[in-house]
Amino acid sequence: IDQFQSQIRPWLAQCDRLLFHRGPDSGGAYINENVVLAARRLRIHDLSENADQPFELTDHGVTLVWNGAIFNFRHLRRELEKQGCHFKTDCDSEVLGVGYSHWGDSVFERLDGMFALAILDRNRNRFILARDKLGIKPLFIYRSEKFWAFSSEIKPLLAHPNISKKVNFEAVSEQMAFQFIMPPRTLFKGIDVFLPGHLAIVDFGTGTTQTRPYWQMSADLVSRVGTEDIEDAFETSLKRCWDSDRSVGVQLSGGVDSSLICLLSQDRLKMNHFQTFSVLFDDSTARFYLPRSEETYIQRISRQCGLQNFSYTFDAEKVRPALAEAIWFNEQPLHGASTVLYGLLAREIKKHVSVIITGEGADDIFLGYF
């Protein structure tokens, strides 16, 4: 293991630099004869060092790293406490570990949230990798007969000394034709997207591996959901998103989704003093396109709710140098400027709050693109 550590630690140091932006508050690593777990953490719940990662539950023989948010972790904690489980911190990481120890693999079905996680189970001598039901949080994996490697981004995998850096030209053709690559393919040979709603298990005792779905969307889900169900789910989900030990704001576009978030937060959840953040477009010289700025709607919602809004306009001089950086972070070609603008906006938001609630995804759920 000493030789193994001497080989792996330079790569871990490089990974730490590459992923620092994902978790600027703390970082650490765990190494044994079978598994290396490393993480960067952005502290959201329980801001103390006790909740840093890798997170170890010595009593349960579990060590885990993960990225994301479990919105129903307090509900799960209360359920576990009723069944005799005890906790030492106030973080969602401990709920994940204790929940896995208590419920086993079925814990993933109970999670309401976005996550990519890895669990080393020393008691059962196995390793588990899992991703949230809809694939909100990214997770990439390299698998060979000798070893597996996984990461929230592709760059750390390409930095591994034993992973070749080859372009997947089939994926390039697909990207150029459809502006999209069908998972699990990526632009790099041997590196795949870990599919949403799936878990992978490595049994060190038998040397076997298996990958399987733990959740699949029901075909009749839409026909069984009514207006009241959507309203209740919206309110419950939004209430859980506001649960944070850090400052929280809302990304307001003036559209239906983000406007509803502001109105519902104030009217039903009684959140009256949060800040909102917006991107504006300068349409004063528009000649060949319809005006795109939603400033009028942003101002209307801000006035109606009495909220402080921070609006930003990014000109070409700011967007141009940010384009290459946006491609670096997205790890694939971009087909529009929105990602660049969101990146620039995120920098401004970070000056005020650490957590942002957005309406991203509503277009997909409610078929808004048709």
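The structure presented is a predicted model; accordingly, all values stated were derived computationally and were not measured.

A. Inspection of the overall build of the protein at higher detail. Helices and strands together make up the secondary structure of the protein, namely 12 helices and 15 strands. A compact globule built from 370 residues should have a C-alpha radius of gyration of about 21 Å, and the protein, at 22 Å, falls within 12% of that. Here the protein holds 370 residues, and the buried ones make up 41% of them. For the protein, the accessible area works out to roughly 20900 Å², and carbon and sulfur atoms hold 52% of it. Positive and negative charge centroids in the protein, built from 41 and 47 side chains respectively, lie 3 Å apart.

B. The arrangement of the sheet that holds strand 7 (residues 140-143) in detail. Strand order in the open sheet formed by three strands is 8-7-9, and the pairing between neighbours is antiparallel. This sheet does not close on itself; its edge strands, each paired only once, are strand 8 (148-151) and strand 9 (191-193). Ignoring strand direction, the axes of neighbouring strands in this sheet form an average angle of 25 degrees. Inspection of the sheet shows strand 7 paired to strand 8 by four bridges, in the antiparallel sense. In the sheet register, Ile141 faces strand 8, and the bridge partner there is Phe150.

C. Quick look at the side chain of Glu348. Mapped onto the fold, Glu348 is located in helix 11 (residues 338-350). The class for Glu348 is buried, based on a relative accessible area of 19%. Beyond its immediate sequence surroundings of up to four residues, Glu348 is in contact with Tyr312 and Phe314.

D. Representation of the nonpolar core in the model. By size, the foremost hydrophobic cluster in this structure holds 29 residues, and its most contacted members are Leu64, Ile70, Phe108, Leu111, Phe115, Leu117 and Ile119. At the level of elements, strand 3 (55-57), strand 4 (62-70), helix 2 (73-82), helix 3 (92-103), helix 4 (107-110), strand 5 (113-121), strand 6 (126-131) and strand 10 (198-203) are the ones that each hand at least two residues to this core. A per-element tally of this core places helix 3 first, with five residues.

E. Highlighting the side chain of His198. Mapped onto the elements of the fold, His198 is located in strand 10. For His198, a relative accessible area of 18% corresponds to the buried category.

F. Just the packing of aromatic side chains, in detail. What the rule picks out here adds up to six aromatic pairs. The ring of Trp103 has Arg110 lying over it, and the distance from NZ or CZ to the ring centre is 3.9 Å. Cation over ring: Arg143 sits above Trp148, and NZ or CZ is 5.3 Å from the ring centre.

G. View of the pattern of salt bridges. Summed over all chains, the structure comprises 21 salt bridges. Glu79 is the partner of Arg110 in a salt bridge, and the nearest nitrogen-oxygen pair spans 3.1 Å. Linking Arg110 in helix 4 with Glu79 in helix 2, this pair joins segments that are 31 residues apart in sequence. Given the relative accessible area of 32%, Arg110 is considered partly exposed. A salt bridge links Arg240 to Asp112; the nearest nitrogen and oxygen atoms lie 2.5 Å apart. Highlighted residues: Arg240 in helix 7 (residues 227-241) and Asp112 in the loop between helix 4 and strand 5, separated in sequence by 128 residues. Given a relative accessible area of 29%, Asp112 falls into the partly exposed group. If you follow the salt bridges from partner to partner, you end up with Arg74, Arg77, Glu81, Asp90 and Asp243 in one network.

H. Region of the structure containing a nonpolar patch on the surface. A surface patch of nonpolar side chains, about 330 Å² in accessible area, is lined by Leu134, Ile136 and Met217. Checked against the element boundaries, Ile136 lands in the loop between strand 6 and strand 7. A relative accessible area of 52% means that Ile136 is categorised as exposed.

I. Summary view of the packing of helix 8 (residues 256-267) against helix 9 (residues 295-305). Contact pair helix 8 / helix 9: the axes reach a minimum separation of 11 Å and the direction vectors enclose 0 degrees. On the basis of their axis angle, the class for helix 8 and helix 9 is roughly parallel. Between helix 8 and helix 9, the contacting residues are Ser259, Cys262, Leu263 and Gln266 on the first element and Ile301, Gln304 and Cys305 on the second. Across the contact of helix 8 with helix 9, the residue classes break down as four nonpolar, three polar and no charged.

J. Molecular detail of the pairing of strand 11 (residues 208-213). Pairing between strand 10 and strand 11: six bridges, direction antiparallel. Across the sheet, residue His198 finds its bridge partner in strand 11, namely Pro213. Two successive antiparallel strands, strand 10 and strand 11, enclose a turn made up of four residues, where Gly207 displays a positive phi of approximately 75 degrees.

Cut-offs used in this document
- Residues numbered from 1 in each chain as written.
- Predicted model: local features only at pLDDT ≥ 70, side-chain atom pairs only at ≥ 80, totals over all residues.
- Heavy atoms only, no water.
- Helix = DSSP H or I, 4+ residues; strand = E, 2+ residues; numbered from the N terminus.
- Rg over C-alpha atoms; globule rule 2.2 N^0.38 Å.
- Buried < 20%, exposed > 50% of the residue type's maximum accessible area, 1.4 Å probe, protein only.
- Areas by Shrake-Rupley, 256 points an atom, 1.4 Å probe, with all protein chains shown as cover.
- Lys, Arg positive; Asp, Glu negative; His and termini not counted.
- Charge placed at Lys NZ, Arg CZ, Asp CG, Glu CD.
- Pairing = 2+ DSSP bridges.
- Axes fitted to C-alpha atoms, helices over the stretch in contact; angles between N-to-C directions.
- Contact = heavy atoms within 4.5 Å.
- Core = buried A, V, L, I, M, F, W, Y, C linked by side-chain atoms within 4.5 Å.
- Phe/Tyr/Trp six-rings, centres within 6.5 Å; stacked < 30°, edge-to-face > 60°.
- Lys NZ or Arg CZ within 6 Å of the ring centre and 35° of its normal.
- Salt bridge = Lys/Arg side-chain N within 4 Å of Asp/Glu carboxyl O.
- Patch = residues over 30% accessible without salt bridge, like charges linked within 9 Å, V, L, I, M, F, W, Y side chains within 5 Å.
- Parallel < 35°, antiparallel > 145°, perpendicular 65-115°, else oblique.
- Nonpolar A, V, L, I, M, F, W, Y, C, P; charged D, E, K, R; others polar.

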